[in-house]
Amino acid sequence: MRPLLLATLAAATVAQTVTVDVTKAVRERYEAFPYPAVKEGTDDGDVPSEYHWLRLEALNQYNYGGKRDDFTGFKVLIAGCGTGGAVVGMAHVLRPWKGFVTALDLSAPSVATTRARLERFGFVEKEHFALHAMSLLDVAAVTAEPYDLILSTGVLHHLENPLAGLRALERVLAPDGAIALMIYGAIGRSAVYELQHLFRDELRADGDDDASMLAKVKAFDENLPPTNHFKRTTYPRPFATLPDEELVDLLLHPRDRAYTVRALYDELIDPAGLELRAWAPEVRYKLGAPLPPGLGNLDRRTREAVNEVRFGDVKMLKFLLARPSAPPPPSPLDPLTILVP
């Protein structure tokens, strides 16, 4: 394995070392570049076009043993709402059940965008939703009752202490609730960390701001050969086809760590006292795939770790956590366990 790849994989499992207040830098980054960019026409229809990867039917299977068909008054927390795609989608799903969505984000502009999108679809603050510009670490301060479901996509891996973030979420989770997460995968994103290292440690000069670094990113991309690791494995098209918000989040983030499957269990799930109930479908079919004959009978975690290296392209680890006391799914083959909209 190449030395640079070894170095970037190692760096992906620990917080980046910087000399500034990184939490403040993260907040300012998302205030300047609200993420993800809301594509033109996204909210033109009568029904929200965005939705989280987890369905209530799947949650019933994995967290309630297939025995819950009434979600009246269901309370959802979205920790790190970004520009509100999952918030609008979940509010739409919960409307027939008179449910309620609480969402928070470090970025006040992102919260404002989320509010405008909710109001565009007729949702009323305090009746259907509540929004807060704050860190998820402080979520207990705004929680009157625990949440039945917590969604957090692409947030924990930007915290100084991701385990502290997961524990903060677990403390406001209902006794029979569940947490759906997305965390970056270290192996599948190895090319991303090569470029992050390049722009942070080799090409960033004193006085460079985000605008000047964006210019360097785009200049670097000009005439980039097809042999480049990032071009071959991650994004073959020109960087100019990506919104600036996405380029900043992908290649210029001030704090970005990732996990292997094994590290995910050892550093987050087990210490938090939770249990991984299901992978999202695009992850599950790879991590749960049968291994070639001759590798022996491996336990689930080892098989998943082997498959992560075998496939090599799992960039996002999406999964559902529950407490060990939650009832098991009635059948792993039930079609309702397919976690897709």
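Residues numbered from 1 in each chain as written. Predicted model: local features only at pLDDT ≥ 70, side-chain atom pairs only at ≥ 80, totals over all residues. Heavy atoms only, no water.

S.K.: Describe the packing of aromatic side chains, listing the residues and the values that go with them.
M.R.: If you walk through the whole model with that rule in mind, you get 6 aromatic pairs. Ring plane angle 75° and centroid distance 6.5 Å describe the contact between Tyr64 and Phe71, whose orientation is recorded as edge-to-face. By relative accessible area, Tyr64 is classed as buried at 8%. A centroid spacing of 5.8 Å and a plane angle of 75° characterise the contact between Trp279 and Phe319, whose relative ring orientation is edge-to-face. (Phe/Tyr/Trp six-rings, centres within 6.5 Å; stacked < 30°, edge-to-face > 60°. Buried < 20%, exposed > 50% of the residue type's maximum accessible area, 1.4 Å probe, protein only.)

S.K.: Summarise the nonpolar core; cite the residues concerned and give the values.
M.R.: If you look at the biggest cluster of nonpolar residues, it comprises 36 residues, and the most contacted ones within it are Leu166, Ile179, Leu264, Trp279, Phe319 and Leu321. Going through the elements one at a time, β1 (75–79), β4 (147–153), α6 (162–171), β5 (173–184), α11 (261–269), β6 (275–279), α12 (281–287) and β7 (316–322) are the ones with two or more residues in this core. The element best represented in this core is α11, accounting for 6 residues. For Leu321, the residues in contact, after removing those within four places along its chain, are Leu166, Ala178, Ile179, Leu181, Ile269, Leu274, Glu275 and Leu276. In terms of nonpolar packing, the next biggest core, distinct from the first, is built from 32 residues, Val87, Leu118, Phe123 and Phe129 among them. (Core = buried A, V, L, I, M, F, W, Y, C linked by side-chain atoms within 4.5 Å. Helix = DSSP H or I, 4+ residues; strand = E, 2+ residues; numbered from the N terminus. Contact = heavy atoms within 4.5 Å.)

S.K.: Which residues make up α6, and what are the values?
M.R.: Every buried residue belonging to α6 is among Pro162, Leu163, Gly165, Leu166, Ala168 and Leu169, and all of these are buried. Looking at the buried residues of α6, the elements they touch are β1, β4, β5, α11 and β7. One side-chain oxygen of the residue at the start of α6 lies 3.2 Å from the amide nitrogen of Leu163, identifying that residue as Asn161. (Polar contact = N/O pair within 3.5 Å; in protein donor to acceptor, adjacent residues only side chain to side chain.)

S.K.: Outline the sheet that holds β4, supporting the account with residue identities and numerical values.
M.R.: One open sheet holds the 7 strands; their spatial order is β3-β2-β1-β4-β5-β7-β6, and the pairing between them is mixed. Two strands bound the open sheet, and with one partner strand each, they are β3 (129–133) and β6. Shown here is a sheet whose adjacent strand axes are inclined to one another by a mean of 20°, direction ignored. Strand direction decides the pairing type here: β1 and β4, joined by 3 bridges, are parallel. By the bridge assignment for β4, Val76 is matched with Leu149. Against the sheet, helix α3 (residues 56–64) makes contact with β4, β5, β6 and β7, and its axis sits at roughly 115° relative to β5, the strand it touches most. (Pairing = 2+ DSSP bridges. Axes fitted to C-alpha atoms, helices over the stretch in contact; angles between N-to-C directions.)

S.K.: I'd love a proper account of the confidence of the model for the protein chain, names of residues and values included.
M.R.: Within the protein chain, residue pLDDT values average 86, and 89% of them lie at 70 or more. The secondary structure element of the protein chain with the lowest average pLDDT is helix α1 (residues 3–12), at 41, and the one with the highest is α11, at 98. Across residues 1–20 the pLDDT falls below 50, and counting only partners more than four positions away or on other chains, this stretch makes 32 contacts in the model. Here residues 333–341 is a poorly scored stretch, pLDDT under 50, and it has 25 contacts once near neighbours within four places are set aside; other chains count. (pLDDT = per-residue confidence, 0-100.)

S.K.: Can you break down the pattern of salt bridges residue by residue, with the values?
M.R.: All told, the structure shown has 15 salt bridges when counted by the stated rule. Between Glu275 and Arg277 there is a salt bridge, with its nearest N and O atoms 2.5 Å apart. You can call Glu275 partly exposed: its relative accessible area is 31%. Among the residues examined, Arg277 registers a relative accessible area of 11% and is labelled buried. Residue Asp313 pairs with Lys286 through a salt bridge whose shortest N-O separation is 2.8 Å. (Salt bridge = Lys/Arg side-chain N within 4 Å of Asp/Glu carboxyl O.)

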